[in-house]
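# Chain and residue survey
As a plain string of letters, each chain reads:
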Amino acid sequence: MDDYKCTLCSDNIYINSEKKLYFFDVCKHKICGDCLEIHLNKHNKQHCPRCKVAISERNITLFDIEERIYDNQKNIRSKLVEIFNKKRHNFENTPLYYNYLEHVEDIIYMLTNECDEKKRKAIEAYIKKYERENAKIIEENNAIMYESEKKKIHEIVKEEGNLYEIIKHRSIINKSDDKIYVHSLIRENPKLFDEVKITNITESQPQPLNPSIKNDTDISVRIYLNEEELEKAHYAGGYDESVVFKRCDLEFNSTIFINI
């Protein structure tokens with residue numbers, strides 16, 4: 001592939017991994033490490049061997065082939081997924097569906113790896129033909145995937161609310177803060193949300209069951225007339241004074257025993 005070919009020796013560095021590939025940031029032309037050494041040091045030339053633009057060592061940058069291949073494959077795959085989007089229900093049986101998936105992977109491999117210009121054009125022509133012939137199925141499956149993705153995202157947002165956004169941005173929640181927090185999925189996929197109710201920090205706080213209670217002082221406190229009423233209230237709430245004292249006594253004695 002020309003994207004990974006040296007300007008001088010024409011070696012395809014994509015195949016020959018023993019060499020490193022560089023490019024000049026002023027003109028974007030590429031050169032392998034061996035030719036670069038000869039061109040700059042042995043011949044003492046300070047220009048691009050292809051376009052003759054003046055260069056220096058500061059203009060030389062390592063061409064990250066692996067990253068470029070990954071990005072290229074990612075872009076190709078994302079485009080083809082929208083075209084070759086048939087699912088199991090589009091086939092009579094599972095083996096046919098698996099063969100289809102393998103065929104798609106073969107296309108991706110040929111487009112992202114070594115492939116001459118003639119073969120590349122043939123593949124691109126095939127993709128366009130497939131897209132024309134399967135336009136209706138492609139549109140239907142994309143609509144199904146869109147709705148499925150939308151449903152999943154809405155379920156996540158509904159379940160989580162804006163809790164994690166609050167935690168992410170502030171370690172201590174302050175009720176007086178009126179800053180707006182929105183789930184990250186809403187920001188990343190605004191088109192999936194026709195009407196988004198954005199809640200602020202005050203609305204996300206736990207609210208009392210009785211709306212008339214604004215402060216602790218609004219909570220009514222029962223006044224007991226005598227000790228008997230107080231004991232009855234304790235028992236009703238599961239508090240037994242004798243049990244508590246017995247537990248404290250055991251804890252105290254065990255502590256003394258351990259220290260001795």
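Refer to the structure presented above.
In short, a report on the structure. Throughout this document, residue positions are counted from 1 along each chain, in the order its sequence is written. Totals for whole chains, interfaces and linings use every residue, but because this is a predicted model, local features are given only for residues with pLDDT of at least 70 and side-chain atom pairs only at 80 or more, for both listing and counting. Based on all heavy atoms of the structure, the side-chain values leave hydrogens and waters out of the count.

## A few points about the pattern of salt bridges
As a working rule, side chains carrying opposite charge can pair if their charged atoms are close by. Throughout this description, the term salt bridge denotes a Lys or Arg side-chain nitrogen within 4 Å of a carboxyl oxygen of Asp or Glu. Tallied over the full model, the rule gives one salt bridge. Measuring nitrogen to oxygen at the nearest pair gives 2.8 Å for the salt bridge that ties E105 to R77. Placement of the pair is E105 in helix α3 (residues 94–112) and R77 in helix α2 (residues 65–83), with a sequence separation of 28 residues. A relative accessible area of 39% places E105 in the partly exposed class. For the exposure calls, accessible area comes from a 1.4 Å probe over protein chains only, and a residue counts as buried if that area is under 20% of its type's maximum, exposed if over 50%, partly exposed in between. Residue classification places R77 among the partly exposed positions, given a relative accessible area of 29%. A helix here means a DSSP run of H or I that spans at least four residues, while a strand means a run of E at least two residues long, and both kinds are numbered starting from the N terminus.

## With respect to the environment of C6
Positionally, C6 belongs in the segment before β1 (21–24). Along the primary structure C6 and H29 are separated by 23 residues, whereas in three dimensions their C-alpha atoms are 8.4 Å apart. When sequence neighbours within four positions are dropped, the list of residues in contact with C6 reads D11, L21, K30, I31, C32 and C35. Whether two residues are in contact is decided by their heavy atoms, any of which lying within 4.5 Å being enough.

## Thoughts on α2
Each helix should span, by expectation, one fewer than its residue count multiplied by 1.5 Å. Taking 1.5 Å per residue as the helical rise, α2 with its 19 residues ought to reach 27 Å, and the 27 Å between its terminal C-alpha atoms agrees with that figure. Against the buried residues of α2 lie β1, α3, α4 (117–133) and α5 (135–160).

## Side note on a negative patch on the surface
Together, D64, E66, E67 and D71 give the surface a local cluster of negative charge. Looking at the element boundaries, D64 is found in the loop between β3 (60–62) and α2. Patch construction takes residues with relative accessible area above 30% that form no salt bridge. Like charges are linked within 9 Å, and nonpolar side chains (Val, Leu, Ile, Met, Phe, Trp, Tyr) are linked within 5 Å. Per-residue accessibility takes into account occlusion by the displayed protein chains alone, with areas from the Shrake-Rupley method and a 1.4 Å probe. Neither His nor the chain termini are counted; the positive set is Lys and Arg, and the negative set is Asp and Glu. Positions of charges follow a simple convention, taking NZ of Lys, CZ of Arg, CG of Asp or CD of Glu.

## Examining α3
Compared with an ideal rise of 1.5 Å per residue, which puts 19 residues at 27 Å, α3 spans 27 Å between its outermost C-alpha atoms and is within 8% of the ideal. Every buried residue belonging to α3 is among Y97, Y100, V104, I107, I108, L111 and T112, and all of these are buried. The buried residues of α3 all sit within an arc of 125 degrees when viewed along its axis, so they share a single face. Opposite the packed face of α3, turned more than 90 degrees from it, sit the exposed residues E102 and Y109. Those residues of α3 hidden inside the fold are in contact with α2 and α4. The directions considered for the arc are those from the helix axis to the C-beta atoms.

## Structural notes on the sheet that holds strand β2 (residues 30–32)
The rule for pairing is simple: two strands pair if DSSP sees at least two bridges between them. Spatial ordering of the open sheet is given by β2-β1-β3, a layout of three strands whose pairing is antiparallel. This sheet does not close on itself; its edge strands, each paired only once, are β2 and β3. Pairwise comparison of adjacent strand axes, ignoring direction, gives a mean angle of 35 degrees for this sheet. With three bridges joining them, β1 and β2 adopt antiparallel strand pairing. Opposite F23, over in β2, you have K30 as the bridge partner. Comment: axis = line fitted to C-alpha atoms, over the contacting stretch for helices; angle = value between 0 and 180 degrees taken between N-to-C directions.

## Brief notes about the packing of aromatic side chains
Centres within 6.5 Å are what make two rings of Phe, Tyr or Trp a pair, Trp counting through its six-membered ring; a difference in plane orientation under 30 degrees is then read as stacked, over 60 as edge-to-face, and the rest as tilted. This model, assessed by the stated rule, comprises six aromatic pairs. Pairing F91 with Y97 gives two aromatic rings, centres 5.6 Å apart and planes at 50 degrees, and the pair type is tilted. Considered together, F91 and Y97 belong to a single accessibility category, that of buried residues. Each ring, one from F91 and one from Y100, has its centre 5.1 Å from the other, and the planes form 50 degrees; the classification is tilted. When its relative accessible area of 17% is taken as the criterion, F91 is described as buried.

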